[in-house]
Each structure stands twice: as C-alpha cells, then as structure tokens.
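Below, each chain spelled out in residue letters.
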Amino acid sequence: MLSRKISPVLLTVLTLAFATLSPVPGVIAAIESPLEAEIESYVKGLRRTGAIRSTEHTAWLVHDFTTGQKLVSINENAPLQAASMIKPYLALAFFHQVQAGRLIYGPSSRLHMEKMIQKSDNASTNWVMKQTGGPSATQALLARHYPSLCRQLRLVEYIPSNGRAYRNLGSAGDYANFLITLWQKKLPYASEILRLMGLPGPDRLYDKAHRVAEGTRVFDKTGSTARCCGDMGILVAPGTNGLSYPYIVIGVISNDVRTSSYGTWISRRANVIREVSNLTYDYLKKRHPLR
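Residues numbered from 1 in each chain as written. Predicted model: local features only at pLDDT ≥ 70, side-chain atom pairs only at ≥ 80, totals over all residues. Heavy atoms only, no water.

A.B. asks: Even after reading the chapter, I still don't get the nonpolar core, so can you show me in this structure?
C.D. replies: What tends to happen in soluble globular proteins is that the nonpolar side chains get buried as a cluster. With 53 residues, the main nonpolar core has Phe95, Met113, Phe178, Ile234 and Ile250 as its most contacted residues. Sequence-distant contacts of Phe95, defined by excluding residues within four places in its chain, comprise Tyr105, Met113, Pro188, Tyr189, Glu192, Ile193 and Leu196. In terms of nonpolar packing, the next biggest core, distinct from the first, is built from 34 residues, Ile74, Ile253, Tyr281 and Leu284 among them. (Core = buried A, V, L, I, M, F, W, Y, C linked by side-chain atoms within 4.5 Å. Buried < 20%, exposed > 50% of the residue type's maximum accessible area, 1.4 Å probe, protein only. Contact = heavy atoms within 4.5 Å.)

Now the structure itself:
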C-alpha cells in the first residue's frame, strides 16, 4: 500500500475542489441504498456466528461527497463510546480559542496536537484539553459554538494513563457532521486539522482494506479501548479520469463489557470495519470511475 502522507499543496487542491459538493453543513437525508442493506446483512451474519456479541453495539455511516448523499445510516444517532475519536473535537475547541485570540498555536502546542492526533498520545490529549478548561468547559464551548456537530457528544473525563476512558460519548452522525464541515473548511484552522488527521499512521479504512485502491488518501481518527473499536474518516479515492472522489466512512463497535483479550478483540473488530470499508469502495466503484 502507498503512504497516506499528503503534501500541503495537494491537500489545498483537494479541499478546495470538493468544498462545495455538499450544499449544507449536515448530512443530506439517506437514499435507498443497496450498500446499507449489504452492511446490515454483513453485521447480522457476524452476530449469528457470535463474531459480534449481544453486548456489542455498532453504528455505521457512509456519505458520498460527489453526490452529496448519505448512503448508509445505521444507528447514527446512538451515543456510543468515543475513545480517541473524541480527539478531533479537542483540536477544534483548541483552534476555536486560537482564532478568538485566547490561545497561541506555536511549536509546543503543535507538537502536542500532532502527538494527540497522529500518535493518539493521551498525555498530550490531556494537555490540549487543559488549555480549553478541562472536559466540562470544553464540552460547553463545543455545544455553544458547534451544536450541530455534537448533539450526542458527551465529554466528561480526561484520558487516564492506562487509556481506560469509557465515559466520553459520541455518535456516527456527529462525526459525519464534523467531517463534512471540516472538509468544507468551515471550521477554525480546518486545513491544519486535516493535515493532522492525514499524517501517516495505521487506520481501519485503508490499511489492510485490500479492495480500496492504492493511492487513496485518508484523513481519519481511530478509537481503541477494551470496550470500543472505531474509525471515522474521509477517504479520497483516485479516479481513472484523473479526478478524485472523496467520501466518508464511519464505523463504531462498542461493547457493554470490557474484553479480557484486548489484542484479539480489537484486531477482529478492526477487520470488521475494514470489510465495511471494502464494501463501500466496491459500491462506489459502480457509481464513479474509481481505480
């Protein structure tokens, strides 16, 4: 697979080219999509075999920027564990304060931001959150200024050193609204947030999703705990006509109980998300001239 690293020049071209494809900040109403039925059937099959347990809840959302249509909406408004998928929201709160002149984005804060998004470093995450007043103050800031992006968002705790943060919540619908508004560059420091989310690193939407074409760019944030496996991101697929086709894939698997076999559990659930990404790419390839 090719590197996900993207140059600032290419990032600017891509974001400007597709910023106006979705006419409203929110997700357009879902159409009757065979893809949604296919994903539902896939997940139900996993439940029948016990590969996904009765204590696990899933949410899935696919949005096609090219048509402006939401293709999949499964449990999109269910508040599920956010894990590290909360971190782009922390970046938004921080950059909101920078734009307002209350904080400075300098070398130190840039380093913490890169560690938080690219490396999912929890110490840097807590540093960023402290700059915006801690969990409750950050939640209030986001709810006041970006209510359509955080309807189910619940930010109530710092990330402990062992990473066992289970009380912060988010929804696939909120993540989609965040990503759409970000891609449209309607958020403070949108280009910088996209740069951070596009830094090289493992993901569950492109890496090891072998039917997604090489050269597809990914701007994402994964989430991983012993009770949550997720990924929320924008993929930019290359077309055979030289154009690019951006779309959103969000998958969250949240467990009511903490698994005793973290490595096995997270790996198998990550592969479920990868297969949903494969199914999405297969479907979009029938609608657009993708490689």
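Structure shown, so let's carry the discussion forward.
A.B. asks: Help me understand the environment of His57 in this model?
C.D. replies: Looking at the secondary structure, you find His57 in strand S1 (residues 56-64). With a relative accessible area of 34%, His57 lands in the partly exposed category. The spacing of His57 and Cys228 is 171 residues in sequence and 9.5 Å in space, taken between C-alpha atoms. With sequence-adjacent residues up to four places away left out, His57 is seen in contact with Arg47, Leu80, Val252, Ile253, Ser254 and Asp256. A distance of 3.0 Å separates polar atoms of two side chains, one belonging to His57 and the other to Asp256. (Helix = DSSP H or I, 4+ residues; strand = E, 2+ residues; numbered from the N terminus. Polar contact = N/O pair within 3.5 Å; in protein donor to acceptor, adjacent residues only side chain to side chain.)

A.B. asks: Explain the layout of surface pockets to me, please; I cannot follow it from the model alone.
C.D. replies: Empty space among the atoms can be located by rolling a probe the size of a water molecule over them. Quantified by volume, the largest pocket comes out at close to 310 Å³. In terms of lining, the largest pocket is formed by 20 residues, of which the most central are Gln118, Pro202, Asp203, Lys221 and Thr222. Contributions of two or more residues to the lining of the largest pocket are made by helix H8 (190-197) and strand S5 (217-225). Looking at which element gives the most residues to the lining of the largest pocket, the answer is S5, with five residues. Class assignment for the residues of the lining of the largest pocket results in six nonpolar, seven polar and seven charged. (1 Å grid on protein atoms, 1.4 Å probe; cavity = no way out; pocket = protein on both sides within 12 Å on 5 of 7 lines; lining within 4 Å. Points joined across faces, edges and corners; volume = space filled by probe spheres on them. Nonpolar A, V, L, I, M, F, W, Y, C, P; charged D, E, K, R; others polar.)

A.B. asks: Which parts of the structure should I look at to understand the pattern of salt bridges?
C.D. replies: Should the charged atoms of two oppositely charged side chains come close, the side chains can pair. Per the counting criterion, the structure on display carries eight salt bridges. For the salt bridge of Glu56 with Arg269, the shortest nitrogen-to-oxygen distance reads 2.7 Å. Taken together, the residues Glu56 in strand S1 and Arg269 in helix H9 (residues 262-287) connect sequence positions 213 residues apart. Judged by its relative accessible area of 4%, Arg269 is buried. Connected through salt bridges with shared partners, the residues Arg110, Glu114, Glu192 and Arg195 form a single ionic network. (Salt bridge = Lys/Arg side-chain N within 4 Å of Asp/Glu carboxyl O.)

A.B. asks: Any chance you could explain the side chain of His288 here in plain terms?
C.D. replies: Positionally, His288 belongs in the segment after H9. Overall, the relative accessible area of 9% leaves His288 in the buried class. Within the local environment of His288, its side chain forms a polar contact with the side chain of Asp64, the two groups lying 2.7 Å apart. Once residues lying within four places of it in the same chain are set aside, the contact partners of His288 are Asp64, Thr66, Thr67 and Tyr245.

A.B. asks: Can you help me understand the side chain of Asn255 in this one?
C.D. replies: Tracing the chain through its elements places Asn255 in strand S7 (residues 244-255). Not counting chain neighbours up to four residues away, the residues in contact with Asn255 comprise Arg53, Thr55, Glu56, Gln81, Arg227 and Trp265.

A.B. asks: Just checking my understanding: could you explain helix H4 (residues 107-117) for this structure?
C.D. replies: Counting along an α-helix, one turn takes 3.6 residues, and residues three or four places apart therefore face a common direction. Residues Ser109, His112, Met113, Glu114, Met116 and Ile117 constitute the buried set of H4. Tucked inside the fold, the buried residues of H4 contact helix H3 (87-99), helix H5 (122-131), H8 and S5.

A.B. asks: Please clarify how the sheet that holds S1 should be interpreted in this entry.
C.D. replies: Hydrogen bonds between backbone groups are what pair the strands of a sheet, and the pairing can be parallel or antiparallel. If you walk across this open sheet you meet the five strands as S2-S1-S7-S6-S5, and the pairing is antiparallel. Two strands close off the open sheet at either side, each with one partner strand: strand S2 (69-74) and S5. When strand polarity is set aside, the average angle formed by the axes of neighbouring strands in this sheet is 5°. Bridge count for S5 against strand S6 (residues 228-238) is nine bridges, and the pairing is antiparallel. Among the inter-strand pairings, Thr222 is bridged to a residue of S6, identified as Asp231. On top of the sheet, H8 reaches S5 and S6; it is set at about 65° to S5, its chief contact. (Pairing = 2+ DSSP bridges. Axes fitted to C-alpha atoms, helices over the stretch in contact; angles between N-to-C directions.)

A.B. asks: Please explain the packing of H3 against helix H7 (residues 172-183) as it appears in this structure.
C.D. replies: Describing two packed helices takes the angle between their axes plus the distance from one axis to the other. Closest axis-to-axis distance for the H3/H7 pair is 11 Å, and the angle between their directions is 45°. As judged from the angle between their axes, H3 and H7 are oblique. As H3 packs across H7, the resulting crossing turns out to be left-handed. Judged by residue contacts, Pro88, Tyr89 and Leu92 of H3 engage Asp174, Tyr175 and Phe178 from H7. Of the residues contributing to the contact of H3 with H7, the split by class is five nonpolar, no polar and one charged. (Parallel < 35°, antiparallel > 145°, perpendicular 65-115°, else oblique. Left-handed = near helix turned anticlockwise from the far one by under 90°.)

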